[in-house]
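Descriptive structure summary
Residue strings, one per chain:
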Amino acid sequence: MKRVLLWLFILFLTQTGFGQQGGIPDSVRNTLDTVYYYDQQYRSQLESYVSLYGWGSKELSQLLNNMEMADSVNIKVVSSVLDQYGWLGPNEVGENGSLALFLVIQHAKVDVQEKYLPLLQKAVRERKAKPSQMAMLEDRVLLYHGKRQVYGTQVALNMKTNQYYVLPMMDPKYLDLRRRAVGLPPMAEYLATWKLEWNVEKYMEELPGILLLHPEIKE
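Residues numbered from 1 in each chain as written. Predicted model: local features only at pLDDT ≥ 70, side-chain atom pairs only at ≥ 80, totals over all residues. Heavy atoms only, no water.

Applying the stated criterion to the full structure yields 4 aromatic pairs. For the ring pair Tyr-37 and Tyr-38, a centre distance of 5.2 Å and an interplane angle of 75° mean the geometry is edge-to-face. (Phe/Tyr/Trp six-rings, centres within 6.5 Å; stacked < 30°, edge-to-face > 60°.)

Here you go:
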């Protein structure tokens, strides 16, 4: 699998791409479609692997290794695309191709996220990317720097209770207004995908306990 991805990266760097769409070589679109596939291939299996084999199993460990390997190559490809062409929208590289840019950056380390966040923000202003994508990346960067998230997009697993919970956020009372402004669904609808219920009053009561789990979050 790693050889396939490395070959893909080399091909992208060397291929001129005779077919053109909107000034972008067809090779870029084809490459990003493949990046999207490998980004999702292993993540789509995570829940079933945890359910079948459990945390700490060799099966899950192998899956995570494969995912990390794919991510390491994907970020090289996506960085090259972004550095050469800027943020590409669906009209330029298709829905999956454009989504691949966001997914790979979102799954990258924080230094990479911070590098390309301004590019994503610019793409949102130019309507090449969705405000919801920008919101998710902004939340990740804020939490890394010890600040509360704004849009409530980031959820964590309590390993002791095996329960998911929403990471600390600012002003939960007006969360849905902020989410609506960037095209995110209501929090109750979003958390239903995690099999969680949303009750803002209950969350505010639980927030001090959640903050104890994350002493790095200071504001």
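Attention shifts here to the side chain of Ser-132. Among the secondary structure elements, Ser-132 is positioned in helix H7 (residues 131-144). Judged by its relative accessible area of 12%, Ser-132 falls in the buried class. (Helix = DSSP H or I, 4+ residues; strand = E, 2+ residues; numbered from the N terminus. Buried < 20%, exposed > 50% of the residue type's maximum accessible area, 1.4 Å probe, protein only.)

Two numbers describe how helix H3 (residues 46-53) lies on helix H4 (residues 58-85): the axes approach to 9 Å, and their chain directions differ by 160°. Viewed along their axes, H3 and H4 adopt a mutual orientation that is roughly antiparallel. Read as a crossing pair, H3 and H4 show a hand that is left-handed. Of H4, the residues touching H3 (which contributes Leu-46, Tyr-49, Val-50 and Tyr-53) are Glu-59, Leu-60, Leu-63, Leu-64 and Met-67. In terms of residue class, the contact of H3 with H4 is made up of 8 nonpolar, no polar and 1 charged. (Axes fitted to C-alpha atoms, helices over the stretch in contact; angles between N-to-C directions. Parallel < 35°, antiparallel > 145°, perpendicular 65-115°, else oblique. Left-handed = near helix turned anticlockwise from the far one by under 90°. Contact = heavy atoms within 4.5 Å. Nonpolar A, V, L, I, M, F, W, Y, C, P; charged D, E, K, R; others polar.)

Quick look at the environment of Tyr-165 now. One can find Tyr-165 in strand E4 (residues 163-166). Given the relative accessible area of 15%, Tyr-165 is considered buried. Expressed as a C-alpha distance, the spacing of Tyr-165 and Gln-154, which sit 11 residues apart in the sequence, is 8.9 Å. Excluding residues that lie within four positions of it along the chain, Tyr-165 makes contacts with Val-155, Ala-156, Leu-157, Asn-158, Leu-196, Ile-210, Leu-213 and His-214. Within the structure, Tyr-165 has its side chain in polar contact with the side chain of His-214 (distance 2.6 Å). (Polar contact = N/O pair within 3.5 Å; in protein donor to acceptor, adjacent residues only side chain to side chain.)

The computed volume of the largest pocket comes to approximately 1900 Å³. Secondary structure elements with two or more residues in the lining of the largest pocket: helix H2 (26-43), H3, H4, helix H5 (90-106), helix H6 (110-125), H7, strand E3 (155-158) and E4. Split by residue class, the lining of the largest pocket holds 24 nonpolar, 15 polar and 7 charged. By volume, the second largest pocket amounts to about 400 Å³. What lines the second largest pocket is a set of 17 residues, among which Tyr-164, Tyr-165, Leu-196, Lys-202 and Glu-206 lie closest to the centre. At the level of elements, E4 and helix H10 (200-213) are the ones that each hand at least two residues to the lining of the second largest pocket. Residue contributions to the lining of the second largest pocket peak at 6 residues, all from H10. Its residues assigned to classes, the lining of the second largest pocket shows 9 nonpolar, 5 polar and 3 charged. (1 Å grid on protein atoms, 1.4 Å probe; cavity = no way out; pocket = protein on both sides within 12 Å on 5 of 7 lines; lining within 4 Å. Points joined across faces, edges and corners; volume = space filled by probe spheres on them.)

Without other data, these values stay purely geometric and don't point to any function.
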